Amino acid sequence: MKTVLRMTGKLLLGLLGLLVLAIIVLKLITDNQYREWINGAVSNATDREFSIDKLELDFGTTLRAKAEGVSLANAAWSEAPEALAARSLEAEIRLPALFKGLADITAVGEGLELSVESGPNGESNWQLGSAQQPEPVTEETDSSGGLPIRPFIRRLALLDSEITSAVGPSTLPRKLTIGEFAVTTPQTDTLVQLDAALDEYPLSMDGNLGPLDQVLDQVSAPLTLNASLADITLGINGQWGPLMPAPDLAAQVNLAAPSVSDILAMAGIQIADPGALDVSAELLSDDGQLALQSVETSVGGELVDLSATGGITNVNALEGIDFNVLVDTDTLHRLVTHFGVELPGELPALATVEAHVHGGIEVLSVSDIEIQVGDEGLSAEVTGGIKDAVGLKGVSAQ
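Residues numbered from 1 in each chain as written. Predicted model: local features only at pLDDT ≥ 70, side-chain atom pairs only at ≥ 80, totals over all residues. Heavy atoms only, no water.

Q: Honestly, the overall build of the chain in this entry has me stumped. Any pointers?
A: Along the backbone of the chain there are 5 helices and 19 strands. Burial status across the chain gives 31% buried among its 398 residues. For the chain, restricting intrachain contacts to residue pairs at least 6 apart in sequence, the fraction spanning at least 24 positions comes to 42%. Split by element, the accessible area of the chain, about 24000 Å² in all, is 59% carbon and sulfur. (Helix = DSSP H or I, 4+ residues; strand = E, 2+ residues; numbered from the N terminus. Buried < 20%, exposed > 50% of the residue type's maximum accessible area, 1.4 Å probe, protein only. Contact = heavy atoms within 4.5 Å. Areas by Shrake-Rupley, 256 points an atom, 1.4 Å probe, with all protein chains shown as cover.)

In structure tokens:
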């Protein structure tokens, strides 16, 4: 037994000596030399000019790197000179935590400007290096154990930054201006906070992700996220985890907006406002397959009331769509003309439409259609269905 302890002690001392020797050797190389090596390596790998103006490295119990004046040239076809620019990028990892199986990480980016574009042929400005596509790799799922080293996010932050996106040569750019985005773990739970703006619309988010280092591969934990974009609010509350080898999730989702037209206006679509929107649903994930259950959607205003209840069994593939839809109005003529349709005469006031929408993205059917139109001295009813609503095939009516 003493021999085993003696050999173990010598082995540990030897490893410690090698670590100290490696740190000494690393410190003998100047930060400027590391900067030149990194600039050259990244430029060669990306086929783009990459540069760091100033680099600071610290090798000790905490590995720390800080780069200032970081830039990566944009694609040749882009009018913007840089795909990426940052005033400073800083990261550190605490080595003692590795012995506990944790990668204790802190990373902060400040003054970052990121451009995401697509060229005239649809190529991305982030298509770096050789255009040759790598061979597909078949991943094997291993559910026998957790991660050997789990990430512990002490602080991950992005400050005073902008992300500009322009997908398609004729698309107007969208700009995400970030005052502060932070993911922190002050004790055990990981917290997220966002203070930003999407174009001219204020955007905020806060939430609790639970003990994220354990949620990844070990436990299930409470999940809370609350976000708002202008007057649109989104709330997610439930349980999530483990996320590996396939994510598990069970959460209640609530979305509310005072105006449907305001939501569509953010996407560049202009329509007359049909009213307020309210959506509630259960979002589930079992072995990576997302599903929406108990979906209740309502749009209500002065001119029309719309409701849809149902769910989607496979959100990933948009299959298993099953909804019952009801549209009701007592101002049919005003409703139609409200959307810019010119009519030669007056329509009846009352109208009700009921339908069952089901199928998938390939074949979406509408069955059990019932349309009732009425007014004083007039009543009309139409029943029918559409076998393929996407291709408008198999339409029948009575």
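Q: Got a minute to help me understand the nonpolar core in this structure?
A: Membership of the largest hydrophobic core comes to 25 residues, with the highest contact counts inside it found for Ile52, Val70 and Leu277. The set of elements that each furnish at least two residues to this core consists of strand E1 (50–58), strand E2 (62–73), strand E3 (82–94), strand E7 (191–198), strand E8 (201–208), helix H4 (260–266) and strand E12 (276–286). Sequence-distant contacts of Leu277, that is, excluding residues within four places in its chain, are made with Leu255, Ala256, Ala257, Val260, Ile263, Thr297, Ser298 and Val299. Judged by nonpolar contacts, the second largest core, of 14 residues, contains Val183, Val192, Trp240 and Leu283. (Core = buried A, V, L, I, M, F, W, Y, C linked by side-chain atoms within 4.5 Å.)

Q: Please explain the side chain of Thr297 as it appears in this structure.
A: You can see Thr297 is positioned in strand E13 (residues 289–300). Thr297 has contacts with Leu277, Asp278, Val279, Leu306, Ser307 and Ala308, leaving out every residue within four places of it along the chain.

Q: Looking at this structure, I do not really get unusual backbone geometry. What am I missing?
A: Leave glycine aside and you will find that most residues have negative phi; peptide bonds, for their part, are mostly trans. Residue Gly241 is joined to Pro242 through a cis peptide bond whose omega torsion reads -10 degrees. For Pro242, the position within the fold is in the loop between strand E10 (232–240) and strand E11 (249–257). For the bond from Met244 to Pro245, the omega torsion is 5 degrees, close enough to zero to count as cis. Look at Leu318: it is not a glycine, yet its phi comes out positive at around 50 degrees. For Leu318, the position within the fold is in the loop between strand E14 (305–314) and strand E15 (319–329). Residues other than glycine seldom take positive phi values, yet Asp368 does so here, at roughly 55 degrees. Considering the arrangement of structural elements, one finds Asp368 in strand E17 (residues 364–375). The exposure class of Asp368 is exposed, given its relative accessible area of 56%.

Purely geometric numbers; function is a separate question.
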